[in-house]
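Now for the letters of each chain:
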Amino acid sequence: MTNDDITTHATEQRHRVVLVTGPSGAGRSTAINVLEDLGYETIDNLPLSILPRLLDAGGTTRPLALGIDVRNRDFTIAGMIELIDGLAQSTTYAVELLFLDASEDVLVRRYSETRRRHPLAPAETAHIGVLREKDLLLPIRSRADVLIDTSDLTPHQLRDEVERWFSSDADSNMAISIQSFSYKRGMPRGVDMVFDVRFLANPYWDASLRGMNGMDPKVRAYVEADPRYAAFFEKVFDLTVLLLPAYEQEGKRHLSIAFGCTGGQHRSVTLAENLSQALAENGSRVSVRHREMERRDYVAPVNQSGTSA
C-alpha cells in the first residue's frame, strides 16, 4: 500500500461532520432539515463551547450536521476559526463548512417579512443588522468548503443544492456543479471557474430558435456549428480534467463551474449540458442547473424559518 493509499483510506475512515452557518435568513434551517432527511444526525444552534465535548463523546455512526448561529451567547469569530482549524487537524473527523448566504437586499426583505427584530440590531432597522452580520461573518465565509447563495433559490432548489453536495450515499469522487447564467442578471456567487461564451454564434438571432433553449438539439447543433466551438470546448474539458486531481490532492471536495452568455438561454446552457455530459462519461460526479431557466419557475424565496414566504 502506497502513502497515497494510506492517506485516502484514513480520510475515508474519518467521521463526517458538516458545520452549517451563515447570516440570519439565508436558509440555514432549511439546509439543516435537508441534511437530517439525508440521514445526518443534526443539532442546530449549538454553542461553540459545547461542540468539542459533543464530538469527544462520540456514540453515533451517522454523519453529523451542526448548525452554528451568530446569536449564540458564546459565539465569536476567533472561537469559530479556532474550532475549524482544530477539527481540520483531527484524525477522527472529516469536517466541512457549509455557508449559506444571500444578497443584502434579499436578507433585508426576508427579515422584514418575519416582522422580528434583527439580533444584531434590536433597536435599529433590519438593514443595519444585516450589514453588521454579513461584515461579522466575512472571515468565516472565506473559509467555507461549500458556499451556497440562496438569493434566487426556492426551498426546493436549495434542497437540491444541499443534496448534490452532501448526499451521504454519494461516492468519494469530487462533486462538480455546472451552471449556466445570464450576464444581464449578474455573475453567480461562489463559483470556482467562470467562462464567458458570448463570443459564440447566438441562436437568438435565428427566429426559429429564439424561443428554444440550449437543451434543444437544434440549438445545440447551431452553437456547436460555430468554427470556434470545438477548440474552445476541448480546451475547457482538458483544463477541467487536468485540475481535478490537483484540487482533490489539496483536499477540495467540490468544484463549481459556470458558463455565461447574454440571456442565459442558448449558448451557456449548451456548454453547461455538453461539459456535464462529457465529465460524467469521464467518470466524474456532476450536477447541472440553469439559473435563468429556473427563474421562470420561481415561486417564493427562502425566508428565515426555511419555508416559502
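In case you missed it, the structure is sitting above this.
Residues numbered from 1 in each chain as written. Predicted model: local features only at pLDDT ≥ 70, side-chain atom pairs only at ≥ 80, totals over all residues. Heavy atoms only, no water.

**A short note on the overall build of the chain**
Argument step 1. When you go through the chain residue by residue, the secondary structure sums to 11 helices and 9 strands.
Argument step 2. The burial tally for the chain puts 48% of its 309 residues in the buried class.
Argument step 3. A sequence separation of at least 24 residues applies to 76% of the contacts in the chain between residues at least 6 apart.
Argument step 4. Just so you have it, the chain exposes about 15100 Å², and 50% of that area is on carbon and sulfur atoms. (Helix = DSSP H or I, 4+ residues; strand = E, 2+ residues; numbered from the N terminus. Buried < 20%, exposed > 50% of the residue type's maximum accessible area, 1.4 Å probe, protein only. Contact = heavy atoms within 4.5 Å. Areas by Shrake-Rupley, 256 points an atom, 1.4 Å probe, with all protein chains shown as cover.)

**Description of helix α8 (residues 217–224)**
Argument step 1. Regarding α8, the residues found buried are Val219, Arg220 and Val223. Looking straight down α8, one finds its buried side chains confined to an arc of 100°; they lie on one side. Within α8, the exposed residues directed more than 90 degrees away from the buried face are Pro217 and Lys218.
Argument step 2. Its side-chain oxygen 2.8 Å from the backbone nitrogen of Lys218, Asp216 forms the N-cap of α8. (Arc of directions from axis to C-beta. Polar contact = N/O pair within 3.5 Å; in protein donor to acceptor, adjacent residues only side chain to side chain.)

**Re the side chain of Arg289**
Argument step 1. With respect to the helices and strands, Arg289 occurs in strand β9 (residues 285–290).
Argument step 2. Ignoring any residue separated from it by four or fewer positions in sequence, one finds Arg289 in contact with Leu153, Glu161, Arg164, Ile178, Gln179, Ser180 and Glu294.

**Quick word on the pairing of strand β1 (residues 15–21)**
Successive residues of a regular strand alternate their side chains across the two faces of the sheet.
Argument step 1. Across the 7 residues that make up β1, a large majority, 7, are buried.
Argument step 2. Residues His15, Val17, Leu19 and Thr21 of β1 are buried on one face, and the alternating residues Arg16, Val18 and Val20, pointing to the opposite face, are buried as well.
Argument step 3. Sheet topology places β1 next to strand β3 (residues 64–67); 4 bridges connect them, and they run parallel. Within β3, the position partnered with Leu19 by the bridge is Leu66. (Pairing = 2+ DSSP bridges.)

**Things to note about the sheet that holds strand β5 (residues 146–149)**
Argument step 1. One open sheet accounts for 5 strands, arranged β2-β3-β1-β4-β5; its pairing is parallel. This sheet does not close on itself; its edge strands, each paired only once, are β2 (41–43) and β5. Strand-to-strand, the axes of this sheet are offset by a mean angle of 20°, without reference to chain direction.
Argument step 2. Docked against the sheet, helix α4 (residues 77–88) engages β1 and β4 (93–101), running at close to 145° with respect to β4.
Argument step 3. Contacts from helix α6 (residues 126–141) reach β1, β4 and β5 within the one sheet, and its direction differs from that of β4 by about 145°. (Axes fitted to C-alpha atoms, helices over the stretch in contact; angles between N-to-C directions.)

**Notes on the sheet that holds strand β7 (residues 193–196)**
Argument step 1. The sheet built from 4 strands is open, its strands ordered β7-β8-β6-β9 with parallel pairing. Edge strands, defined here as strands with exactly one partner in the open sheet, are β7 and β9. Averaged over all pairs of adjacent strands, the angle between their axes in this sheet comes to 20°, without regard to strand direction.
Argument step 2. Where β7 meets strand β8 (residues 254–261), 4 bridges bridge the pair, whose relative direction is parallel. By the bridge assignment, Met193 is partnered in β8 with Ile257.
Argument step 3. Strands β6 (175–182), β7 and β8 of the sheet are contacted by helix α9 (residues 229–249), whose axis makes an angle of about 160° with β8.

**Considerations on the packing of helix α2 (residues 28–37) against helix α7 (residues 155–166)**
Argument step 1. Between α2 and α7, the least distance of the axes is 9 Å, while the angle of their chain directions is 55°. With respect to α7, the axis of α2 lies oblique. Note on packing geometry: the crossing formed by α2 with α7 is right-handed. Contacts between α2 and α7 pair Thr30, Ala31, Val34, Leu35 and Asp37 from the former with Pro155, Leu158, Arg159, Val162, Glu163 and Phe166 from the latter. (Parallel < 35°, antiparallel > 145°, perpendicular 65-115°, else oblique. Left-handed = near helix turned anticlockwise from the far one by under 90°.)

**Quick notes on the packing of α9 against helix α10 (residues 267–281)**
Argument step 1. Interhelical geometry of α9 versus α10 gives an angle of 50° and a closest axis separation of 11 Å. By the criterion of interaxial angle, the relationship of α9 to α10 is oblique. Considering the relative orientation of α9 and α10, their crossing is right-handed. Seen from α9, the contacting residues are Tyr229, Phe232, Phe233, Val236, Phe237, Thr240 and Val241; seen from α10, they are Leu271, Asn274, Leu275, Ala278 and Leu279.
Argument step 2. Partitioning the contact of α9 with α10 into residue classes produces 10 nonpolar, 2 polar and no charged. (Nonpolar A, V, L, I, M, F, W, Y, C, P; charged D, E, K, R; others polar.)

**A short note on the pattern of salt bridges**
Argument step 1. With the rule as written, the count across this model stands at 12 salt bridges.
Argument step 2. Between Arg143 and Asp85 there is a salt bridge whose closest N-O contact spans 2.2 Å. Taken together, the residues Arg143 in the loop between α6 and β5 and Asp85 in helix α4 connect sequence positions 58 residues apart.
Argument step 3. Overlapping salt bridges bring together Arg28, Asp44 and Asp69 as one network. (Salt bridge = Lys/Arg side-chain N within 4 Å of Asp/Glu carboxyl O.)

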